[in-house]
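Inside the fold
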Amino acid sequence: VGVDPGAVEAYEKHASDLVTYATALVGPSEAEDVVAEAMLAVFTRARWSDVREPRGYLFRCVLNQARSTERRRAVGRRKESTIPVRAAVDGEEPADLGLLSMLSIRERSVIYLTYWVDLTPAAAADLLGLSEGAVKRYLARARAKLREELS
Amino acid sequence: VTDLDQRIHEHLERLLAGAPLPPSVQEIRARRRGARRRPVLVGLAAVVLVAAVVGGVALRQTSGEGGRDGAPASIPAATDPDVIVYLRPRVTDAQIVDVERRLRAEPSIVDIEFFDQDRALEEFRRLFADDPALVESVTPDVLPPSFRLVVLDHDVEAIAPLLDDLESAPGVQQVDRDPVLPEPATDLEIPTCSTGPASPGDHTSCPPTPDSDGSCSQMHLPADLDGDGVAESCIRARDMPADG
């Protein structure tokens, strides 16, 4: 199965941004895996010629993958909580993400884009395919949680 | 810049300093999608819930025990849609554009993916790989194209009014608000089959088993699903016990 050269080029251009983004979403230990899974899906399934805005598209793919990784982890935790090895691995997660672990993935996403990439709410909304209002709500909620934690 | 902003920034700086190097394109392509997840599926193997639509009739089959509860989170669905809007097989381009415009106008819909009839056929072939007669009976023109939607926070209720409207929109066949895309049939346990000579049209005869060296030269079931050149049931036969 051939991979669209355009998709490869777009990935290579944004690879380090995408991994940094994934790190903010799921922590350093899972970031590479999330990016690789997301990009595998892009390489094997996406019709690259239909993608209008590559950077935003790739960021959204990473975000979606991060969310499904997190969902899967939550299910795995419930099912396998009696297995010590698994429990030990899970125990490291909060430390991995630190302060951000108390936020939802979307809240982490908005925090990262606002504080690290310096995007305005409008630009973040554009990138994530959300409304500006939604981004502002996520941001406000995230800051409120962090303020409470830090106080 | 407030103290809070400052501290958030410092925290990000520490966290992101630990970011790994990006995987190379080669590393990514060498992966088999979902490889790490397949063991979970063994437990779900008896559960199939098929939501395929053929010739305008929605077909739902359930077999084995279990239900939908555990499935959505565990099954690595390709797109993980929250809603599927099935269009009529003979939907016009103008109707498709109109439906898409209405979907795009809804801010709570965060991802929209269009499945045309070719893609629907591809998916259908994958899902029913164990039923060649059924697969052969289907041509792209009878399968419904669809929009696959991901909703903000998976809150499908938030867009209920739009979905209600769409149900009666021209060109729309059905709106599935809780779609469960089954794993491809090939991930299921191969049903008990007779070992006698197969009669023509008898699809319950045994599929060939892997060669003694573990290769799969004789296996016609199932197809190579993810394009990595290795048939998936081969992978299952060889790798699953070790993974589990």
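Computed from a predicted model, the values in this text were never measured in an experiment. (Residues numbered from 1 in each chain as written. Chains lettered and ligands numbered in written order. Predicted model: local features only at pLDDT ≥ 70, side-chain atom pairs only at ≥ 80, totals over all residues. Heavy atoms only, no water.)

Within chain A one finds eight helices and zero strands. For chain A, the proportion of its 151 residues judged to be buried stands at 50%. Taking contacts inside chain A between residues at least 6 apart in sequence as the whole, the part at least 24 apart equals 68%. Accessible area of chain A: about 6800 Å², with a carbon and sulfur share of 53%. (Helix = DSSP H or I, 4+ residues; strand = E, 2+ residues; numbered from the N terminus. Buried < 20%, exposed > 50% of the residue type's maximum accessible area, 1.4 Å probe, protein only. Contact = heavy atoms within 4.5 Å. Areas by Shrake-Rupley, 256 points an atom, 1.4 Å probe, with all protein chains shown as cover.)

This paragraph deals with the pairing of strand E6 (residues 172–176) of chain B. Residues and elements named next belong to chain B. By the criterion of burial, E6 is predominantly enclosed, with four of the five residues buried. In this structure, strand E3 (residues 83–87) lies alongside E6, joined through four bridges in antiparallel fashion. Bridged to Leu87 within E6 is Val172. (Pairing = 2+ DSSP bridges.)

Moving on, we come to helix H1 (residues 3–17) of chain B. Residue and element names in this part refer to chain B. Between the first and last C-alpha of H1 there are 21 Å, a value that for 15 residues agrees with the 21 Å anticipated at 1.5 Å per step. Looking only at H1, the buried set comprises Leu4, Asp5, Ile8, His11, Leu12, Leu15 and Leu16. Each buried residue of H1 sits inside an arc of 125° when the element is viewed along its axis, so together they form one side. For H1, exposure combined with an orientation more than 90 degrees from the buried face picks out Asp3, Arg14 and Ala17. (Expected span 1.5 Å × (residues − 1). Arc of directions from axis to C-beta.)

Judged by nonpolar contacts, the single largest core of 61 residues is most densely connected at Tyr11(A), Met39(A), Phe43(A) and Ile111(A). Counting residues per element, the ones that place at least two in this core are helix H1 (5–26), helix H2 (28–45), helix H3 (54–80), helix H6 (105–115), helix H7 (121–128) and helix H8 (132–150) of chain A together with H1 and helix H2 (25–30) of chain B. When residues of this core are assigned to their parent elements, the largest contribution, 12 residues, is made by H1(A). When sequence neighbours within four positions are dropped, the list of residues in contact with Met39(A) reads Tyr11(A), Leu18(A), Leu58(A) and Ile28(B). Core analysis: the second largest hydrophobic core is formed by 20 residues, Val151(B), Leu162(B), Ala169(B) and Val175(B) among them. (Core = buried A, V, L, I, M, F, W, Y, C linked by side-chain atoms within 4.5 Å.)

Time to look at the sheet that holds strand E5 (residues 146–151) of chain B. Residues and elements named next belong to chain B. Here we have four strands laid out as an open sheet, ordered E4-E5-E3-E6, and antiparallel in their pairing. The sheet is open, and its two borders are formed by strand E4 (109–115) and E6, each paired with just one other strand. Put simply, the sheet's adjacent strands are angled 15° from each other on average, direction ignored. Those strands touched by helix H5 (residues 93–104) are E3, E4, E5 and E6, and its axis lies near 0° from that of E5. Sheet strands in contact with helix H6 (residues 117–127) are E4 and E5, and its direction is about 85° off that of E4. (Axes fitted to C-alpha atoms, helices over the stretch in contact; angles between N-to-C directions.)

Residue and element names in this part refer to chain A. Enumeration over the complete set of coordinates arrives at 14 salt bridges over all chains. Where Glu107 meets Arg141, a salt bridge forms, and the shortest distance between an N and an O atom there is 3.4 Å. Of the two residues, Glu107 is situated in helix H6 and Arg141 in helix H8; the sequence distance between them amounts to 34 residues. Overall, the relative accessible area of 42% leaves Arg141 in the partly exposed class. Each of Glu107, Arg141 and Lys145 takes part in one network of salt bridges that share partners. (Salt bridge = Lys/Arg side-chain N within 4 Å of Asp/Glu carboxyl O.)

Further remarks concern the interface of chain A and chain B. Contact residues are listed per partner, giving 53 residues for chain A and 44 residues for chain B. Summing the contributions of chain A and of chain B, the shared interface buries around 4400 Å²; its carbon and sulfur component is 59%. Looking at the side of chain A facing chain B, the largest losses of area belong to Arg45(A), Tyr115(A) and Trp116(A), adding up to 14% of the total buried there. Across the pair Arg143(A) and Asp5(B) runs a salt bridge, and its minimum N-O distance is 3.1 Å. When residues of the side of chain A that touches chain B are traced back to their parent elements, those giving at least two are H1, H2, H3, helix H5 (93–97), H6 and H8 of chain A. Ranked by the residues each element gives to the side of chain A that touches chain B, the list is headed by H2(A), at 13 residues. (Buried area = accessible area lost by both parts, 1.4 Å probe.)

This part takes up unusual backbone geometry. Residue and element names in this part refer to chain A. Backbone geometry places Asp118, a non-glycine residue, at a positive phi of 60°. Here Asp118 is to be found in the loop between H6 and H7. On the basis of relative accessible area, Asp118 is assigned to the exposed category, the value being 62%.

With that settled, the discussion passes to the confidence of the model for chain B. All names here are of chain B. Across chain B, the average pLDDT comes to 63, with 53% of residues at or above 70. By mean pLDDT, the top-scoring element of chain B is H1 (93), and the lowest-scoring one is helix H3 (residues 38–44) (27). The low-confidence segment residues 33–79, where pLDDT is below 50, has 99 contacts with residues more than four positions distant or belonging to other chains. Note on residues 183–244: pLDDT is under 50 here. Beyond four places in sequence and across chains, it has 89 contacts. As a predicted assembly, this complex carries a pTM of 0.47 together with an ipTM value of 0.85. (pLDDT = per-residue confidence, 0-100.)

A few words on helix H8 (residues 160–167) of chain B. Residue and element names in this part refer to chain B. Residues of H8 that are buried: Ala160, Leu162, Leu163 and Leu166. The buried residues of H8 all sit within an arc of 160° when viewed along its axis, so they share a single face. Turning to H8, the residues buried within the fold contact E3, H5, E4 and E6.

Considering the arrangement of structural elements, one finds Arg106(A) in helix H6. Non-local contacts of Arg106(A), meaning those with residues more than four positions away in its chain, are made with Leu63(A), Arg67(A), Leu130(A), Tyr138(A), Val110(B), Leu152(B) and Asp153(B).

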